[in-house]
Amino acid sequence: MIKRDGAQTSLWQGNIQSYIPTGKADRHAKYDVVIIGGGITGVTTGLLLQEAGKKCLLVEAEELGFGTTGGTTAHLNTLLDTPYYVIAQNFGEEHAKHVAQATAEALNLIRSNVTRFNIDCGFQEASAYLYAQDADQEKELEKIRKSAEDAGLNIGYVQEIPVNMHYTKAIRAAGQAKFNPLEYIQGIAQAFEAAGGVILQQTRVINVTEDDSMKVATTAGIFSTTDVVYATHIPPGINLLHLRCAPYRSYAMAVTLEDEAYPYDLSYDLYDPYHYYRTQIVNGQYYLIAGGEDHKTGTQENTDQCFRQLEAHVRKHFKVKEVAYKWSSQYYEPTDGLPYIGYLPGYEDHVFVASGFGGNGMTYGTVSAQLLKCIIMKETPVLEKLFDPNRIKPVAGFTNFVTHNTDVIKEFFGKLFSADELKQLADLAPGEGKLVTYRDRKVALYRNEEGKLHALNPTCTHMKCDVKWNQSERSWDCPCHGARYNYDGKVITGPADADLEGLALS
Ligand code: FES
């Protein structure tokens, strides 16, 4: 099993061993590109650049797939979460076609990689079914169908859907797919290393500075490079992108069924947030994967309730034998509906980013790799302007900087807190966390299964919002830009670089 950024175990991480890199990073060499982040974006970008002749180093703070790639439900779509009519409204009809082409090419790259590198990742072609359940949804469905067809998708009305749900109208988009994301990225990582790339896991980037070349300071030493790619889901430091990407949590479960009603294809309803269903065979076992109940990070008081609601919904429509896995994961919604891929705002050269994938991370992560490879190889791709992170207007008075914000906030430093008083105040069950006010200050408290109390300063080390407790993943989540910390304050998801301040208890 590999580690992931939460207490729950996803179907993917529970059925795979950690990736063991074969190469060794050379601190005296100069790299062409250092890629930070070992999810689908990072490993695919690394492979494409390495094969194009660049000397690449991939640095991952934990292990490959630790972040959202290990918690995705791995739908491979050209029928996107942002409907094509929204893309056409915001960017024009021609660009809506470009997005459809780019996502189709991304799926083609995944297909070809699976064949070329013989990656055993359960990849299967599939169709996506979208269904309306009332008259208002029918209108929305037609808008989605028409604009997707105009953008070039093979899509049309159908009489049947793969799941046993009430519906009034339904459409089917061909040319979609599904796979096991961790088996896929481990296969890509192997191909990357075979092409000469180097992977460093359990290595955190402390800082990136620009001198005569870029210097990437890490917990394993300093590396020189020409270019840096932040494939970290959201860039660290303080950046305009943090104001343009909203963090969301999404809930998923993998269940076994009493009968054979596993839907082969991908199905989605039209609620907001929507529910979705698909099947994946892992180690010979069929699993129905269902998801939904999304909410903005740090805004749900009781995250266990999200799982209960999802489970109740699944049990209403399927004969569930066992809930084998349940997990949640994070994604970032871009404000205008398209991801930000290209030069990091504030940089005209050498520092790149890919972020704001919404619920289409596997597809857009691959689009990002293709686009970043072209930009770095100076191939001036057509899509560069469309996905340009600098398309967003600057905010007056906002300065971009990428300096990693490693200063721990020490508002409480030097104070001693009474464990007994805090314990009485919070009345915590084992495994529970809570924000309490103690002597006019907020304190983030967690009581572990053995009864030991962990007390933290709840001020997020990124930009000082207060974190909120996520009961189901046992993490402290920041509602502002999505940073997440373990129960003991250790940072597990950026953009924060530094841990929450621990408080001394008497
Ligand atoms: Fe930005 Fe917490 S993630 S303030």
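Values in this document were obtained by computation on a predicted structure and should not be read as measured data.

## Quick look at the nonpolar core
(1) Moving on: Counting residues in each nonpolar core, the largest one holds 84 residues, and the members touching the most others are Leu11, Leu79, Tyr84, Val99, Phe179, Tyr184 and Phe387.
(2) Moving on: Broken down by element, this core gets its largest block of residues, 8 residues, from helix H3 (residues 93–116).
(3) Moving on: Not counting residues up to four positions away in its chain, the partners in contact with Tyr84 are Thr78, Leu79, Ala96, Val99, Ala100, Thr103, Ser147, Ala148, Ala151 and Leu153.
(4) Moving on: With 23 residues, the next largest nonpolar core counts Leu200, Ile234, Cys245 and Val353 among its residues.

## Comments concerning the pairing of strand S17 (residues 351–355)
(1) Moving on: Among the 5 residues in S17, 5 count as buried, and that is most of the element.
(2) Moving on: Bridge count for strand S10 (residues 221–230) against S17 is 3 bridges, and the pairing is parallel. The residue bridging Tyr230 from the neighbouring strand is Val353, located in S17.
(3) Moving on: Both strand S16 (residues 340–343) and S17 contribute to a ladder of 4 bridges, which runs antiparallel.

## Some details on the state of the cysteines
(1) Moving on: Tallied over the entire structure, the rule returns 1 disulfide.
(2) Moving on: Covalent S-S linkage joins Cys465 and Cys480, the inter-sulfur distance amounting to 1.9 Å. Here Cys465 and Cys480 share a disulfide; its torsion about the S-S bond, -90°, makes the bridge left-handed. In this pair, Cys465 is assigned in the loop between strand S21 (453–456) and strand S22 (468–470) and Cys480 in the loop between strand S23 (475–477) and strand S24 (484–486), connecting sequence segments 15 residues apart.
(3) Moving on: Note on Cys56: no disulfide assigned, nearest cysteine sulfur contributed by Cys374 at a separation of 14 Å.

## Quick look at the packing of aromatic side chains
(1) Moving on: Evaluation of the coordinates by the stated rule reveals 15 aromatic pairs.
(2) Moving on: An angle of 45° between the planes, with centres 5.7 Å apart, marks the rings of Tyr277 and Phe318 as tilted. One end of the pair, Tyr277, is in strand S13 (residues 276–282); the other, Phe318, is in the loop between helix H6 (303–317) and strand S15 (320–334), with 41 residues separating them in the sequence.
(3) Moving on: The rings of Tyr446, Trp469, Trp476 and Tyr487 are connected pair by pair, giving a single aromatic cluster.
(4) Moving on: Lys326 extends its terminal NZ or CZ atom over the ring of Phe307, reaching a point 5.1 Å from the ring centre.

## Remarks on helix H2 (residues 84–91)
(1) Moving on: For H2, the set of buried residues is Tyr84, Tyr85, Ile87 and Phe91. The buried side chains of H2 occupy one side of the element, clustering within an arc of 160° when seen end-on.
(2) Moving on: The elements touched by buried residues of H2 are H3 and helix H4 (135–151).
(3) Moving on: Backbone geometry just downstream of H2 places Gly92 in the positive-phi region, at approximately 100°.

## Looking at the sheet that holds strand S25 (residues 491–493)
(1) Moving on: Spatially, S22-S23-S24-S25 is the arrangement adopted by the 4 strands of the open sheet, whose pairing is antiparallel. Pairing within the sheet leaves two strands with one partner each, and these edge strands are S22 and S25. Strand-to-strand, the axes of this sheet are offset by a mean angle of 35°, without reference to chain direction.
(2) Moving on: Bridging between S24 and S25 involves 2 bridges; their strand directions are antiparallel. Bridge pairing links Tyr485 to Val491 in S25.

## Quick word on the side chain of Asp265
(1) Moving on: As for its position among the elements, Asp265 is in the loop between strand S11 (245–257) and strand S12 (266–268).
(2) Moving on: Buried charge without a salt bridge: Asp265, with Arg172 as the nearest opposite-charge side chain at an N-O distance of 6.3 Å.
(3) Moving on: A polar side-chain atom of Asp265 sits 2.8 Å from the main-chain amide nitrogen of Ser127.
(4) Moving on: Excluding residues within four positions of it along the chain, Asp265 makes contact with Ala126, Ser127, Tyr129, Pro162, Tyr277 and Arg278.

## What about helix H1 (residues 40–51)?
Working note: α-helix, 3.6 residues per turn, so residues spaced by three or four point in the same direction.
(1) Moving on: Over its 12 residues, H1 extends 16 Å from the first C-alpha to the last, a length consistent with the 16 Å expected when each residue adds 1.5 Å.
(2) Moving on: Within H1, 11 of the 12 residues are buried, which leaves it mostly tucked inside the rest of the structure.
(3) Moving on: Turning to H1, its buried residues number three or more, namely Ile40, Thr41, Gly42, Val43, Thr44, Thr45, Gly46, Leu47, Leu48, Leu49 and Gln50.
(4) Moving on: Those residues of H1 that are buried are in contact with strand S1 (30–36), strand S2 (56–59), H3, helix H5 (181–194), S17 and helix H7 (361–376).
(5) Moving on: Remark: Gly53 follows H1 within two positions and exhibits a positive phi of approximately 105°.

## So, the sheet that holds strand S20 (residues 441–447)
(1) Moving on: The strand order across the open sheet built from 3 strands is S19-S20-S21, with neighbouring strands paired in antiparallel fashion. Across the chains shown, the open sheet's two edge strands, defined by having one partner strand only, are strand S19 (432–438) and S21. Along the sheet, successive strands turn relative to each other by an average axial angle of 25°, direction set aside.
(2) Moving on: Looking at chain direction, S20 and S21 are connected through 4 bridges and run antiparallel. Bridge assignment links Tyr446 to a residue of S21, and that residue is His454.

## Thoughts on the side chain of Asp5
(1) Moving on: Structurally, the position occupied by Asp5 is in the segment before S1.
(2) Moving on: Polar side-chain contacts of Asp5 include one of 3.4 Å to the side chain of Arg4.
(3) Moving on: Discounting residues that sit within four places of it in the chain, Asp5 has contacts with Phe66, Gly67, Arg484, Ile492 and Thr493.

## Considerations on the environment of Trp327
(1) Moving on: Positionally, Trp327 belongs in strand S15.
(2) Moving on: Trp327 sits in the buried class, given a relative accessible area of 0%.
(3) Moving on: For the pair Trp327 and Glu105, spaced 222 residues apart in sequence, the C-alpha separation works out to 30 Å.

## Focus on unusual backbone geometry
Where the residue is not glycine, phi is negative for most of them; where a peptide bond is considered, it is trans in most cases.
(1) Moving on: Cis geometry marks the peptide bond from Asp272 to Pro273, where omega comes out at 0°.
(2) Moving on: Along the chain, Pro273 turns up in the loop between S12 and S13.
(3) Moving on: The omega torsion of the bond from Gly494 to Pro495 falls at 10°, within 30 degrees of zero and hence cis.
(4) Moving on: Among the structural elements, Pro495 can be located in the loop between S25 and strand S26 (504–505).
(5) Moving on: Phi at His233 takes a positive value of approximately 80°, unusual for a residue other than glycine.
(6) Moving on: With respect to the secondary-structure elements, His233 resides in the loop between S10 and S11.

## Here's the deal with the packing of H1 against H5
(1) Moving on: For the pair H1 and H5, interaxial distance at closest approach is 9 Å and the crossing angle is 30°. As summarised for this structure, H1 and H5 are arranged roughly parallel, according to the angle between their axes. Regarding H1 and H5, the two cross each other, and that crossing is left-handed. On the side of H1, the interface is formed by Ile40, Val43, Thr44, Gly46, Leu47 and Gln50, while H5 contributes Tyr184, Ile185, Ile188, Ala189, Ala191 and Phe192.
(2) Moving on: Classifying every residue of the contact of H1 with H5 gives 9 nonpolar, 3 polar and no charged.

Conventions and cut-offs
- Residues numbered from 1 in each chain as written.
- Predicted model: local features only at pLDDT ≥ 70, side-chain atom pairs only at ≥ 80, totals over all residues.
- Heavy atoms only, no water.
- Core = buried A, V, L, I, M, F, W, Y, C linked by side-chain atoms within 4.5 Å.
- Buried < 20%, exposed > 50% of the residue type's maximum accessible area, 1.4 Å probe, protein only.
- Helix = DSSP H or I, 4+ residues; strand = E, 2+ residues; numbered from the N terminus.
- Contact = heavy atoms within 4.5 Å.
- Pairing = 2+ DSSP bridges.
- Disulfide = S-S within 2.5 Å.
- Phe/Tyr/Trp six-rings, centres within 6.5 Å; stacked < 30°, edge-to-face > 60°.
- Lys NZ or Arg CZ within 6 Å of the ring centre and 35° of its normal.
- Arc of directions from axis to C-beta.
- Axes fitted to C-alpha atoms, helices over the stretch in contact; angles between N-to-C directions.
- Lys, Arg positive; Asp, Glu negative; His and termini not counted.
- Salt bridge = Lys/Arg side-chain N within 4 Å of Asp/Glu carboxyl O.
- Polar contact = N/O pair within 3.5 Å; in protein donor to acceptor, adjacent residues only side chain to side chain.
- Expected span 1.5 Å × (residues − 1).
- Parallel < 35°, antiparallel > 145°, perpendicular 65-115°, else oblique.
- Left-handed = near helix turned anticlockwise from the far one by under 90°.
- Nonpolar A, V, L, I, M, F, W, Y, C, P; charged D, E, K, R; others polar.

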